[in-house]
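# Tertiary structure, described
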Amino acid sequence: MRIAIVDESATRAAVIREGLATLEDCEIFVVTERRGLVARIGEIAPDIVLMDLGNPSRDVLEEYFAVSRVLGRPIAMFVDESDAESIAASVDAGVSSYVVDGLAPHRIRSILDLAVRRFHAFARLQSDLAEAKGKLADREVVDKAKRILMDSRGFTEPQAYTELRKTAMNQGKRIADIAEAVVTAHQLMGGK
Amino acid sequence: MPPGKTHGELTIGFLPLVDACLPILAREHGFAENEGLSLRLVRDMSWATVLDRLLYGHSDAAHMVAPLAIATTLGRGRPAQSLSVPFVLGLNGNAVTMRPDLAREVNPAGGLGDPATVGAALKTCLATLGRPLRFGVVHRYSSHNYMLRYWLAACGIRPDVDVEITTVAPPFCADALESGEVDVICVGEPWNSVAVERGAGEIVLATAQIWRRGVEKVLAFREPVMEERRGDVEALVRALRKAGEHFVDPANHDVNAAILARPEYLDGNAGLIRRAISDQLLLARGGEVLKYPDFMFQHREAANFPWVSQAEWLYSQMVRWDGAGYDADEARLAARVFRPDVYRSALLGTNDPLPGASSKVEGSLAGPTSVSMQQGLITLENNSFFDRKVFDPSHLAEYVKMQARD
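Throughout this document, residue positions are counted from 1 along each chain, in the order its sequence is written. The lettering of chains begins at A and the numbering of ligands begins at 1, in the order of writing. Where local features are concerned, this predicted model is filtered to residues with pLDDT of at least 70; where side-chain atom pairs are given and counted, the filter is 80 or more; whole-chain, interface and lining totals use all residues.

All right, on to the overall build of chain B then. Working definition: helices are DSSP H or I runs of at least four residues, strands are E runs of at least two. Numbering for both runs from the N terminus. Scanning chain B for helices and strands turns up 18 helices and 18 strands. The globule rule used for comparison is 2.2 Å times the number of residues to the exponent 0.38, while the radius of gyration itself is calculated over C-alpha atoms. Taking 2.2 N^0.38 as the reference for a compact globule, 406 residues should give roughly 22 Å; the C-alpha atoms of chain B span a radius of gyration of 20 Å, in line with that estimate. Referenced to the eigenvectors of the C-alpha coordinate spread, the extents of chain B come out at roughly 65 × 45 × 40 Å. Scored against the burial criterion, the 406 residues of chain B give a buried share of 56%. Here the contact rule is simple: place C-beta atoms from the backbone, and any two residues whose C-beta atoms are within 7 Å are in contact. Within chain B, counting contacts between residues at least 6 apart in sequence, those at least 24 apart form 74% of the total. We call a residue exposed when 12 or fewer other C-beta atoms sit within 10 Å of its C-beta, buried when the count reaches 20 or more, and partly exposed for counts in between; the C-beta positions come from the backbone.

A few words now on the overall build of chain A. What chain A contains, in helices and strands, is 7 helices and 5 strands. When the elements of chain A are put in sequence order from the N terminus, they spell out β-α-β-α-β-α-β-α-β-α-α-α. Scaling as 2.2 N^0.38, a compact globule of 192 residues should have a C-alpha radius of gyration of about 16 Å, whereas chain A reaches 25 Å, well beyond that. Seen through its principal axes, chain A has C-alpha atoms that stretch 80 × 30 × 25 Å.

Quick look at the packing of helix 4 (residues 84–93) of chain A against helix 5 (residues 105–153) of chain A now. Residue and element names in this part refer to chain A. Between N-to-C directions, angles span 0 to 180 degrees; the directions come from axes that are lines fitted to C-alpha atoms, helices contributing only their stretch in contact. Closest axis-to-axis distance for the helix 4/helix 5 pair is 9 Å, and the angle between their directions is 25°. For the element pair helix 4 / helix 5, the angle class is roughly parallel. For the crossing formed where helix 4 meets helix 5, the hand is left-handed. Across the interface between the two elements, S86, A89, S90 and A93 of helix 4 pack against R109, L112, V116, F119 and H120 of helix 5. Under the convention adopted here, Pro, Cys and the residues Ala, Val, Leu, Ile, Met, Phe, Trp and Tyr are nonpolar, Asp, Glu, Lys and Arg are charged, and Gly plus all remaining residues are polar. Partitioning the contact of helix 4 with helix 5 into residue classes produces 5 nonpolar, 3 polar and 1 charged. An angle below 35 degrees is treated as roughly parallel, one above 145 as roughly antiparallel, one from 65 to 115 as roughly perpendicular, and anything else as oblique. In this scheme, a crossing is called left-handed if the near helix is turned counterclockwise away from the far one by less than a right angle; it is called right-handed if the turn is clockwise.

Here the focus is the domain arrangement of chain A. For the purposes of this description, domain bounds are those given by an automatic or database domain assignment. Domain boundaries assigned for chain A yield domain 1 (2–127) and domain 2 (132–188). In this structure, domain 1 of chain A and domain 2 of chain A have C-alpha centres spaced 47 Å apart.

All names here are of chain A. As annotated by UniProt and renumbered to match this structure, "modified residue: 4-aspartylphosphate" (unreviewed entry) occupies D52. Tracing the backbone shows D52 in strand 3 (residues 48–52). We classify D52 as buried; it has 22 C-beta atoms within 10 Å. When neighbours within four sequence positions are excluded, D52 is seen to be in contact with D7, R12, G94 and V95. UniProt positions are given in the numbering used here, feature names are shortened, and annotations may be inferred rather than shown by experiment.

Another aspect to go through is the domain arrangement of chain B. Residue and element names in this part refer to chain B. Its domain assignment divides chain B into domain 1 (9–91 + 215–277 + 295–345), domain 2 (94–213 + 278–288) and domain 3 (354–395). At the interface, 11 residues of domain 1 touch 11 residues of domain 3. Elements with a minimum of two residues in the side of domain 1 that touches domain 3: helix 15 (308–322) and helix 17 (340–347). If you tally residues by element for the side of domain 1 that touches domain 3, the top one is helix 15, at 5 residues. Counted by class, the side of domain 1 that touches domain 3 contains 6 nonpolar, 2 polar and 3 charged residues.

Membership of the largest hydrophobic core comes to 170 residues, with the highest contact counts inside it found for B:A69, B:I70, B:C173, B:I185 and B:A220. Nonpolar core, as used here: buried Ala, Val, Leu, Ile, Met, Phe, Trp, Tyr and Cys residues forming one set through C-beta atoms within 7 Å. Listed in part, the 9 residues of the second largest apolar core include A:V142, A:L149, A:A160 and A:I178.

Before going further, it helps to spend a moment on the packing of helix 1 (residues 21–28) of chain B against helix 12 (residues 230–247) of chain B. The packing of two helices is summarised by the inter-axis angle and the distance between the axes. Residue and element names in this part refer to chain B. Packing of helix 1 against helix 12 brings their axes to within 8 Å, and their N-to-C directions diverge by 95°. Here helix 12 runs roughly perpendicular to helix 1, going by the angle between their axes. For the pair formed by helix 1 and helix 12, the contact residues are C21, L22, P23, L25 and A26 on the first element and A239, L240, A243, G244, H246 and F247 on the second. The residue makeup of the contact of helix 1 with helix 12, split by class, is 9 nonpolar, 2 polar and no charged.

Another point: the sheet that holds strand 9 (residues 184–188) of chain B. Residue and element names in this part refer to chain B. For two strands to be treated as a pair, DSSP must find at least two bridges joining them. If you trace the 5 strands from one edge of the open sheet to the other, you get 8-7-9-6-10, paired in mixed fashion. The open sheet has two edge strands, strand 8 (163–167) and strand 10 (202–206), and neither has a second partner. Strand-to-strand twist in this sheet, taken as the mean axis angle between neighbours without regard to direction, amounts to 25°. Across 3 bridges, strand 7 (residues 133–137) lies against strand 9 in parallel orientation. Residue pairing across strands places F135 opposite V184, the latter belonging to strand 9.

Turning our eyes to something else, we now look at the UniProt feature "domain: ANTAR" (unreviewed entry) in chain A. Here, UniProt's "domain: ANTAR" (unreviewed entry) annotation points to residues 122–183 of chain A. Secondary structure content for residues 122–183 of chain A is 90% helix and 0% strand, while the C-alpha to C-alpha distance between its ends is 35 Å.

Turning to the interface of chain A and chain B, a few remarks are in order. Across the boundary between the two partners, chain A contributes 17 residues, which contact 18 residues of chain B. The set of elements that each furnish at least two residues to the side of chain A that touches chain B consists of helix 3 (58–67) and helix 4 of chain A. Ranked by the residues each element gives to the side of chain A that touches chain B, the list is headed by helix 3 of chain A, at 6 residues. Classifying every residue of the side of chain A that touches chain B by side-chain character gives 8 nonpolar, 4 polar and 5 charged.

Okay, structure coming up:
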C-alpha cells in the first residue's frame, strides 16, 4: 500500500512517517513542498493521502481528486458514513485523509487510527516544547526582577525571591506574573 | 423573544478574506454582545477545512463560498449533509486579474475593461496562442468559478475545452501568476491587489461587471444546528446587519481596515484592505487608484437577504458545469438552502427593510426600481448580467436547457 503524507511541517511529517513505518507492506512518501504538489501526487499514485487540516493546498488537492483521471482510480475524502466516529476523531486530531475507492475498510481504519495517534503525539510534543519555552522565559523574568529588587532595595538574592513569592501569594498570582510587573514598572520608571 | 434555544455562544469558521468582515466586526464592535451573543472566530486556510469543522461540530457556523453550501447539501463529492443559509455575507468583491502582458493584449486601453470586449479579444488571443490559457479560481464550488465561466461562455469561449480552469488557494494566487502556473486568476481581495503590488498581475475586470449583484459568500449552518439554536442564529443575523451598517460607513474605513488586518484575522496589509473595503482598486502597478462603486456590496438594498432565486441560479450553474443533469428534486433541495424565513423572523419589528417576496427575477433591473416591501422602503438598483440575459426562477428548467444549447 502506498501512503502519501502531505504536510508543510517537515517535523510533523517525520513524526507521522515514523509511526506508520511499523506497518507491514506499506510504502510511505512525504511531500512537504507546496509547489508541484499535484504533479508529485500524480507520480506517487498513492492509495491513501494523509494531509494536515491546516494545509492551504487542501482545496487544490480535492479539486484534483475530483476531476483528475490521472490516478485511474477514484479517490475521495474518507467519509464513509458508517465510520463517522473515526472521521470525527481524525478531524479533532487535525488530519484529513483521502483513500482510493475499494480499499479494505479495516485496513484504512488501522492506518487512520495510527495517523491520528501520531498527530496527537506531535501536538503533545509541541505543547511540551511551548511549556518548556514558557518556563525558560519565566525564569529569565524572575531573574531580572530579582536583580531590580537587589539594586533598588539592597536585598540579597534570597530576600528578593522571598519578596516576589510573598507578593505573589498575597495577590493569588504566579511569581512570574509579579516579576513581569516589577520589570515593566521598572522600565516605565526609566530603568534599563 | 425569538423561539429556539439560546446559550449565547457561537463559533464561526472563516478564511482570511476581506468579506469575512461582518462576523469579525460584529465581534470587535460589540454588535454581537449587544444581542447577548459571544462570538468565537476560527480561522482556517482552506474551504475544505472550514467545511470539515462545520460538519464535525468544531464550529456552529461558517463563512462560505455560496455554491459550496449547495454542493454539500446535494452531496457533491461527499455524503450529503443539509446546510442552511439565513444570511448572505456579501455580493461580489472579486476581480479577474491577468498576467500583465496578457492584460495589455486583451484590454489595450487599460482601466477596467468591458466584459464583452475583453472576452472577444481573449477569444482572438486563444486562436493565435496555440495553447489553452490557464485560469485559477479559489474553489470548484465558488461564485468565482461560476461567474468566470458565465462570462467566458457568453463570449463564446468553452470553459472546459478552450481554457483550463484549476483551483489555486487565495494566498498563492499572486505566486501562481508570477511563476506562470496560471495566466489569469479570479479571486477576492486583498489577493488581486497583492498580485498588482508585486507586478505579477493587472486587474482587468471586477466580477460585479459580470453580474452587477452576484451572490458571493454566505453564512452557513448545519440545518439541525440552525433549528436547534434558532434564538442565537436570529440574534447573530441582527448583529451582522448592524456590523454591515458600520462597515459601509466611510467614516469607519480606517478603523475597520486596521481590525481586519490584525494577525488573528486577515494578517494582511491594512492599506490594501482599506482600499478594497472602500471600493478602490489599483488596477496596475504604478497606475492610479480607481473608484469602482459597489465593488463589494455588503449592506444596502437588503444585500444580505438570502433570495431563493440566487440559490436557484447557483444550482443552474452547478448543473451546467458538473454535467450531472437537471433534477427537479435536487433543484428544490438547493432552493431550500437559502432561508429568507429565518432572516425575516430575525428582523421583523426592527427598522431594517424586509423584501415582500422571497424570490426575484435576477438580472431584470437596468436601473433603480422601487420594490414592494414587507417592512421599510427599498430601491433596488441595476442588477443585470453583462449579456443582458435574465434568470426567471419560475423557468429554472428552461434556463438550464437554454444554457446547455449555448
